[in-house]
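# Examination of the molecular architecture
Residues per chain, in single letters:
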Amino acid sequence: MAVVARAGGDGGGSSSEVQWCFLQVKGAIDEDVAEADIISTVEFNYTGDLLATGDKGGRVVIFQREQETKSRPLSRGEYNVYSTFQSHEPEFDYLKSLEIEEKINKIRWLPQQNAAHFLLSTNDKTIKLWKISERDKRAEGYNLKDEDGRLREPFRVTELRVPTLKPMDLMVEASPRRTFANAHTYHINSISVNSDYATYLSADDLRINLWHLEVTNRSFNIVDIKPANMEELTEVITAAEFHPHHCNVFVYSSSKGTIRLCDMRSAALCDQHSKFFEEPEDPSSRSFFSEIISSISDVKFSHSGRYMMTRDYLSVKVWDINMENRPVETYQVHEYLRSKLCSLYENDCIFDKFECCWNGSDSTIMTGSYNNFFRTFERNMPRDTTLEASRESSKPRAILKPRKVCTTGKRKKDEITVDSLDFNKKILHTAWHPMENIIAVAATNNLYLFQEKVN
Amino acid sequence: MFLGMMLTSYRIEKQNCLVLHLLSLPDILLPCACQVVLSLLLHGLLLRSMGEEEGLHQTPFLDTMFVRGLKRKCFDGEEDIEGTLAGIKAIPSYNLQRQSLLDMSLVKLQLCHMLVEPNLCRSVLIANTVRQIQEEMTQDGTWQMINTQSTGQASLDRLVSTDILCRSSRDQAEGKHVPAYGTFNKDFENDQAQDSSDTMSTASAVQAPRNLQSSVWEMENPQENKGNFQKSLDQIFETLENKSPNSVEDLFSEVDNSYYDLDTMLTGMMSNTKMGHCDSLETFSSSTNTASNSNCKSDLNDLDHIVEILVES
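Description of the structure in this document. Just so you know, the residues in each chain are numbered from 1, in the order the chain's sequence is written. As they are written, the chains are lettered A onward and the ligands numbered 1 onward, keeping that order. Confidence filtering applies because this is a predicted model: local features only for residues at pLDDT of at least 70, side-chain atom pairs given and counted only at 80 or more, and all residues used for totals across whole chains, interfaces and linings. Only hydrogens and water are set aside when side-chain values are computed; all heavy atoms of the structure are taken into account.

## What to know about the overall build of chain B
Keep this limit in mind: Only runs of H or I of at least four residues qualify as helices and only runs of E of at least two qualify as strands under DSSP, and these elements are numbered from the N terminus. Only protein chains enter the area calculation, which uses a 1.4 Å probe; residues under 20% of their type maximum are buried, those over 50% are exposed, and those in between are partly exposed. In this analysis, two residues are considered to be in contact whenever any of their non-hydrogen atoms come within 4.5 Å of each other. Surface accessibility follows the Shrake-Rupley procedure with a 1.4 Å probe radius. Residue values consider only the protein chains on display as shielding.
Broken down by element type, chain B carries 13 helices and five strands. Expressed as a percentage of the 313 residues in chain B, the buried residues total 59%. Of all intrachain contacts in chain B linking residues separated by at least 6 positions in sequence, the fraction that spans at least 24 positions is 71%. When the accessible surface of chain B is summed, it comes to about 12,400 Å², and 48% of that surface belongs to carbon and sulfur atoms.

The structure is reproduced here in structure tokens:
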């Protein structure tokens, strides 16, 4: 169970509001955004010291948190580039004459078990296990090869010596250790590491597969919702996740706004769910877009494992996994868009898949919106805040000012009208440090880091 | 490069109709053309209804109507928002807007992204929306039928603009507007021999939506018509399923948001900027599918010729 360490907050009182201040921004400032630089996933590791991002160009960039040092006290908490590597390359499926995008859909860290770090990264079709290791020593004094690596002639070796280890500049190497391929006909949307740290699941639109981390040539299909007749297809899988503590339990969400919880002990093929979560539809708000906006784009268990959170187009819902008929909490993210659904359908924004995340203590949840806005909801208060990730508020330790969208006719000062929102600036991916109040927000090609205000 | 699309509007009695003619296009140009069709469909509909507005509030009325999800209560909704929209002359009826949503959905479904597999989730959601509209229209009995002019091989010479204005006396008495349908006919050349299975599947896949459109015009009873519609929708899936395991996505695709820059399109700049995209598609397809490539070139020549004949002011 994660313990929240308030970074110098207000005397530990949980009733005071968290004030966020700017920490860093990563990425180019140009107005022209290259498609390949668009961030497609953000994930902290289990300690929060490492932050990984994946982009549309198939690259993974890992940031490491600087340790507090006496020489640079102010740089504590800063994240700097630790490693960059090309995880996936674009591929071409010759059978279908279609490209396979190299965009990184998800990154999931493995818990650290030795000096190296491991993460899983996936594009639409292939999952890779990467090992990120440090090298700060090298061996010198080999017998059979020179310092520059050339082999020595054996007859030139006149005496034997033991190679010694000498320090060198820190080098971080990323090497692919496993490639899990050819198991998905459809596009992979989720991967989730099991709490047994030995298996993980990968989910595409119609199937979920269970893998063992050591075995790449075989995976087990545990969910298959593909109809015998594709004409009857009306529902797809949108996200899946393992329970954080029970290694036999996982959930998957659908495009119809339902969540199914499955127990792998009950059957090899978990088509029959153990629990079925669905909120009855409100008949008064029914429209042609009801189904589309009910489609769940992300599902996340709380750290405690007792709750799970789902994100659909307009709201975030918190479910108690013991209660299936309705969520325990519902938070409206941008209800003012409900009257704009037709336009959003026309320009395809209605299909945007927003993610959501919990803080370490499960007391606050966060999700993104448009115009580079993101929202935090404190569950206990309840209190919600709208913040903006922008270059204008990017001065060091500048406190973020809450933003407000004007929903009525009269616009107050500093408010923004719905019509002036920029729907190209969408925050789909956010991540919260597992223990501290540090958040990472991906705004197109820029990664913003915000920290709780330290007195 | 001419996109080969005409936009014609008619004003019949008190109804405003928007009719699109989508000439036969090589597959390469489909993404460009369909995107233009889609936006102009919506834009044109509203331009004639309530004056010109840009941006997201282009469709405030439509949004309100659809969000309310009310049947036959369009007049209530109109009164509520009439005050906020200036210069409304003719407010589109619920049915007309539902029809435009149906058209928009069908266009979205037909977009074929040539390079990357499209998003299955999006396609399924759009298809479900189409089914939902169709079911409601069938229940309402507003699934009107007219004589079909050409259900067989369509010839470019016989482009037909079809306005349907059906008013039952009952509806008139109740003061409700029965829809003047603004659907689009999709004609394309099938004269070219198509050797490769790829082009064959793509053509038949495109044909399936055309059958879907044609079914609207058929003079048959509603039940049969519904069956035709359902069958046509299924045809889309089935045809693609036969092509490859996950070929549903072949017909459906991600929409590039940049296509919806209405200003760019309307000023004709789209032909310059977006053709780059289409050009790259053309070179790509030429390496993989020479049959369709030769299709495209001959289609383009015919296109220019046909447009000269058919342009109406």
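## A short note on the overall build of chain A
For chain A, the count of helices and strands is two helices and 32 strands. Counting every position in chain A, which comprises 455 residues, the buried fraction comes to 53%. Sequence separation of at least 24 residues holds for 55% of the intrachain contacts in chain A that already meet a minimum separation of 6. When the accessible surface of chain A is totalled, it reaches about 21,000 Å², and 49% of it is carbon and sulfur.

## Quick notes on the pattern of salt bridges
Side chains carrying opposite charge are able to pair once their charged atoms draw close together. Here is the rule: Basic side-chain nitrogens of Lys or Arg form a salt bridge, by our definition, when they fall within 4 Å of a carboxyl oxygen of Asp or Glu.
For the coordinates displayed, the defined rule picks out 35 salt bridges over all chains. Between E279(A) and K317(A) there is a salt bridge; the shortest N-O distance is 2.7 Å. With E279(A) in the loop between β19 (275-277) and α1 (290-294) and K317(A) in strand β22 (residues 315-320), the pair connects residues that are 38 residues apart, well separated along the chain. Between R98(B) and E136(B) there is a salt bridge, and its shortest N-O distance comes to 2.5 Å. Taken together, the residues span a long stretch of sequence, with R98(B) in helix α4 (residues 94-110) and E136(B) in helix α5 (residues 120-140) at a distance of 38 residues. We note that R98(B), like E136(B), is buried. Through salt bridges with shared partners, a single ionic network connects D37(A), D55(A) and R59(A).

## Thoughts on unusual backbone geometry
Note: most residues except glycine have negative phi, and most peptide bonds are trans. Residue and element names in this part refer to chain A. Looking along the chain, the bond that leaves M381 and enters P382 is cis, with omega of -15°. Mapped onto the elements, P382 comes out in the loop between β26 (373-378) and β27 (383-388). A positive phi angle, near 70°, is found at D348, a position not held by glycine. With respect to the helices, strands and loops of the structure, D348 is situated in the loop between α2 (341-346) and β24 (356-358). Here D348 falls in the buried class, since its relative accessible area comes to 7%.

## Digging into the pairing of strand β8 (residues 106-109) of chain A
All names here are of chain A. Rules: Think of it this way: DSSP has to see at least two bridges between two strands before they count as a pair.
Side chains K106 and R108 of β8 all project onto a buried face; the interleaved residues I107 and W109 project onto the opposite face, where all are buried too. As defined by bridge partners, β8 adjoins strand β9 (residues 117-122) across four bridges and the pair is classed as antiparallel. By the bridge assignment, I107 is partnered in β9 with S121.

## Some points on the nonpolar core
How we decide: The set of buried Ala, Val, Leu, Ile, Met, Phe, Trp, Tyr and Cys residues whose side-chain atoms join them within 4.5 Å is what this entry labels a nonpolar core.
Formed by 44 residues in total, the largest nonpolar core has its most connected members in F289(A), Y313(A), L337(A), L344(A), Y345(A), I350(A) and L421(A). Sorting the residues of this core by element identifies α1 and α2 of chain A together with α4 and α5 of chain B as the ones contributing at least two each. Excluding residues within four positions of it along the chain, L344(A) makes contact with Y313(A), L337(A), C349(A), I350(A) and F423(A). Counting 16 residues, the second-largest nonpolar core is a separate cluster that includes F374(A), I427(A), W432(A) and I439(A).

## A word on the packing of aromatic side chains
The cut-off we apply is this: When the centres of two rings from Phe, Tyr and Trp lie within 6.5 Å, Trp using its six-membered ring, the rings pair. Their planes under 30 degrees apart give stacked, over 60 give edge-to-face, and anything left gives tilted. Think of it as a cone above the ring: NZ of Lys or CZ of Arg counts as a charge over the ring if it is within 6 Å of the ring centre and within 35 degrees of the ring normal.
One pass over the structure, following the stated rule, counts 20 aromatic pairs over all chains. With a centroid separation of 6.0 Å and 70° between ring planes, the pair formed by F44(A) and Y79(A) is classed as edge-to-face. Residue F44(A) is located in strand β2 (residues 39-44), and its partner Y79(A) is located in strand β5 (residues 79-86); the two are separated by 35 residues in the primary sequence. Residue F44(A) shares its accessibility class with Y79(A), and that shared class is buried. Both rings, one in F374(A) and one in F450(A), keep their centres 5.6 Å apart while their planes meet at 25°; by these two values the pair is stacked. Of this pair, F374(A) sits in strand β26 while F450(A) sits in strand β32 (residues 446-452), placing them 76 residues apart in sequence. F450(A) shares its class with F374(A); the two are buried. An aromatic cluster is defined as three or more aromatic residues linked by ring pairs; in this entry it consists of F22(A), F374(A), Y448(A) and F450(A). The ring of Y307(A) has R379(A) sitting right over it, with the charged end atom 4.6 Å from the ring centre. A cation over an aromatic ring shows up here: K108(B) above the ring of Y345(A), its NZ or CZ 5.2 Å from the ring centre.

## Comments concerning the packing of α4(B) against α5(B)
Residues and elements named next belong to chain B. To keep it simple, the criterion reads: Axis lines are fitted to C-alpha atoms, over the contacting stretch for helices. Their N-to-C directions set the angle, which ranges from 0 to 180 degrees. Should the near helix be turned counterclockwise from the far one by less than a right angle, the crossing is left-handed, whereas a clockwise turn marks it as right-handed. Lys, Arg, Asp and Glu make up the charged group, whereas Ala, Val, Leu, Ile, Met, Phe, Trp, Tyr, Cys and Pro make up the nonpolar group; the residues left over, Gly among them, are polar.
For the pair α4 and α5, the least separation of the axes is 9 Å and the interaxial angle reads 145°. Remark: the crossing between α4 and α5 carries left-handed chirality. Judged by residue contacts, Y94, R98, Q99, L101, L102, S105, L106, K108 and L109 of α4 engage R122, S123, I126, A127, T129, V130, I133, E136, M137 and D140 from α5. Looking at the contact of α4 with α5 residue by residue, the class counts come to ten nonpolar, four polar and five charged.

## Quick look at the sheet that holds strand β16 (residues 237-242) of chain A
Residues and elements named next belong to chain A. With antiparallel pairing, four strands are arranged side by side in an open sheet as β16-β17-β18-β19. In this open sheet, the two strands that pair with only one neighbour each are β16 and β19. In this sheet, neighbouring strand axes are inclined to one another by 20° on average, regardless of whether the strands run parallel or antiparallel. Here β16 pairs with strand β17 (residues 249-254) via five bridges, running antiparallel. Each residue of the ladder has a partner; that of I237, found in β17, is S254.

## Thoughts on α5(B)
Residues and elements named next belong to chain B. Quick reminder of the rule: Helix span, as expected, comes to 1.5 Å for every residue beyond the first.
With 21 residues, α5 extends 30 Å from end C-alpha to end C-alpha; this agrees with the ideal 30 Å at 1.5 Å per step. Most of α5 is tucked away: 18 of the 21 residues are buried. Remark: G141 follows α5 within two positions and exhibits a positive phi of approximately 80°.

Note that all results are geometric; they support no functional claim without further evidence.
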